Amino acid sequence: MKIPQILIVEDEIILARTISLTIENLGYQVAGIADSGEEAIQIVSEVQPDLVLMDIVLEGELSGIEAAKQIRDRLDIPVIYLTAYGDQDTVNKATQTDPFGYIIKPIEPDELSAVIKIALRKHNLLKTLNQAKIEAEENQQSKSQMVSMVSHEGRNSLTAIKTSSDIIERYSERLSDAKKQKHIQKIQLAADQMLCLLEDLLFLNKAESGMFTLHPSWVDLETFCQEIVESFEAGDDQPTIRFTFLGESNAYQDMNLLRHILTNLLSNAIKYSPNSGEVRFEITSAQKTVSFCIQDSGIGIPPEDLQNLFTAFHRAQNVGQIKGTGLGLSIVKQCVDLHQGSIDVDSKVGAGTTFTVTLPVLNNEIAPLEKQAEFA
């Protein structure tokens with residue numbers, strides 16, 4: 001357990017050394033001794049102690065009260081005042097800076113010990129409460145974003161379904177078979193989009209709740225990935241996928257989570273690339289790790305968006321009218337974390353993005369004969 005560090009700010013050197021010995025005898029570490037408010041602020045900025053014992057009356061331009069206010073405002077470090085003055089005016093000025101304690105000189109060790117313990121505990125409780133408040137606000141914001149996004153996407157899909165179904169119902173006799181089929185396809189596409197959205201939300205909820213565990217099995221990795229590539233049927237309106245595989249094909253992985261990783265990354269690479277472009281999908285299977293590299297020549301990701309790239313519902317500012325929910329990369333990150341793997345991003349606006357996912361080769365107890373039989 002980390003021993004709390006305490007900075008002493010006292011311009012009477014003999015008293016400062018006495019306090020220092022007392023603090024050490026109480027089991028704390030002395031972070032330093034300062035004899036002015038300016039020096040105290042400098043030491044606090046460099047050392048960032050857990051607590052400051054601040055004399056109110058100091059030599060120099062800054063009083064102890066002014067120095068304490070700056071320390072609290074800048075670094076949120078608790079301050080206990082030391083003073084020989086107990087008048088009401090001094091107390092009122094000190095109180096305005098929200099100190100964590102107030103000790104009248106001469107200092108008694110037992111009193112100092114009690115005030116320090118209370119101050120440290122109070123500050124830790126406040127930090128915990130503030131963190132809980134921040135997390136609650138973030139959760140509320142996330143829920144609001146989810147409701148807004150689901151409402152928007154759901155409304156679009158339902159509008160498409162209703163429009164096409166109304167057309168078929170009202171004008172069925174006038175429509176050719178081709179036009180009927182076109183509206184049926186629109187209905188099916190809208191329904192698929194809604195189903196995909198709900199499945200993504202359910203997946204994220206389970207992953208964030210710790211409800212997922214790895215279920216690996218033997219897989220022919222090259223064939224598995226080739227089938228995923230083929231599911232993105234190349235057409236005139238999307239880039240070509242160039243698939244390369246190097247290394248050992250047989251692998252022991254969670255195929256469900258791996259499919260989520262690769263389909264989301266490939267889908268994004270295709271969606272954000274020019275129609276005449278190319279997406280490179282390279283796999284390197286080694287003894288201890290498997291690396292999946294997906295590179296596109298698309299719009300790229302602005303640097304300021306990279307830090308929130310895997311946050312649910314976040315979308316880069318340059319996506320324009322390209323549709324998306326902001327869930328795909330969050331799902332990818334959850335799947336990679338479940339594998340205890342890593343994901344790296346290299347991107348330049350206007351020049352494309354490269355995602356590299358590295359997963360460890362999972363341990364297993366399947367006998368070689370069972371492995372061979374599965375691929376027979």
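Each remark here, short or long, concerns the structure printed above.
Treat the numbers as computed from the prediction; the structure is a model and nothing was measured.

Caption draft 1: Representation of the sheet that holds strand β2 (residues 29–34). Read from one edge of the open sheet, 5 strands run β2-β1-β3-β4-β5, paired in parallel fashion. Of all the strands in the sheet, the pair left with one neighbour each is β2 and β5 (101–104). Adjacent strand axes in the sheet meet at a mean angle of 20°, parallel and antiparallel pairs treated alike. Bridge count for strand β4 (residues 79–83) against β5 is 4 bridges, and the pairing is parallel. Residue Tyr-81 lies in a different strand from β5, and its bridge partner there is Tyr-102. Contacts from helix α1 (residues 13–25) reach β1 (5–9), β2, β3 (51–55) and β4, with the element oriented near 170° to β2. Packed on one face of the sheet, helix α2 (residues 37–47) meets β1, β2 and β3 and runs near 145° to β2.

Caption draft 2: The packing of aromatic side chains, seen in detail. Within this structure, the stated rule accounts for 3 aromatic pairs. Consider the rings of Phe-243 and Phe-281, whose centres lie 5.2 Å apart with planes at 45°: the pair is tilted. On the criterion of sequence distance, the pair formed by Phe-243 in strand β7 (residues 240–247) and Phe-281 in strand β9 (residues 278–285) is long-range, its members being 38 residues apart. The class of Phe-281 is buried, set by a relative accessible area of 0%. Geometry around Phe-100 places Lys-122 over its ring, the cationic atom sitting 4.9 Å from the centre.

Caption draft 3: Examining the pattern of salt bridges more closely. The tally for this structure, following the rule as stated, stands at 8 salt bridges. Taking the shortest distance from any N to any O, the salt bridge between Lys-69 and Asp-73 comes out at 2.9 Å. Here Lys-69 pairs with Asp-73, and both are found in helix α3 (residues 64–75), just 4 residues apart, close to one helical turn. According to the relative accessible area criterion, Lys-69 is partly exposed, its value standing at 45%. Between Asp-337 and Lys-333 there is a salt bridge; the shortest N-O distance is 3.0 Å. In this pair, Asp-337 and Lys-333 both sit in helix α9 (residues 328–338), 4 residues apart, roughly one turn of the helix. Overall, the relative accessible area of 38% leaves Asp-337 in the partly exposed class. Put simply, Glu-10, Asp-55 and Lys-105 are held in one network by salt bridges that share partners.

Caption draft 4: A look at the environment of Phe-281. Linking Phe-281 and Phe-292, residues 11 residues apart in sequence, is a C-alpha distance of 7.3 Å. Setting aside anything within four residues of it in sequence, one finds Phe-281 in contact with Cys-225, Val-229, Ile-241, Arg-242, Phe-243, Thr-244, Leu-262, Leu-266, Phe-292, Cys-293 and Ile-294.

What counts and what doesn't
- Residues numbered from 1 in each chain as written.
- Predicted model: local features only at pLDDT ≥ 70, side-chain atom pairs only at ≥ 80, totals over all residues.
- Heavy atoms only, no water.
- Pairing = 2+ DSSP bridges.
- Helix = DSSP H or I, 4+ residues; strand = E, 2+ residues; numbered from the N terminus.
- Axes fitted to C-alpha atoms, helices over the stretch in contact; angles between N-to-C directions.
- Contact = heavy atoms within 4.5 Å.
- Phe/Tyr/Trp six-rings, centres within 6.5 Å; stacked < 30°, edge-to-face > 60°.
- Buried < 20%, exposed > 50% of the residue type's maximum accessible area, 1.4 Å probe, protein only.
- Lys NZ or Arg CZ within 6 Å of the ring centre and 35° of its normal.
- Salt bridge = Lys/Arg side-chain N within 4 Å of Asp/Glu carboxyl O.

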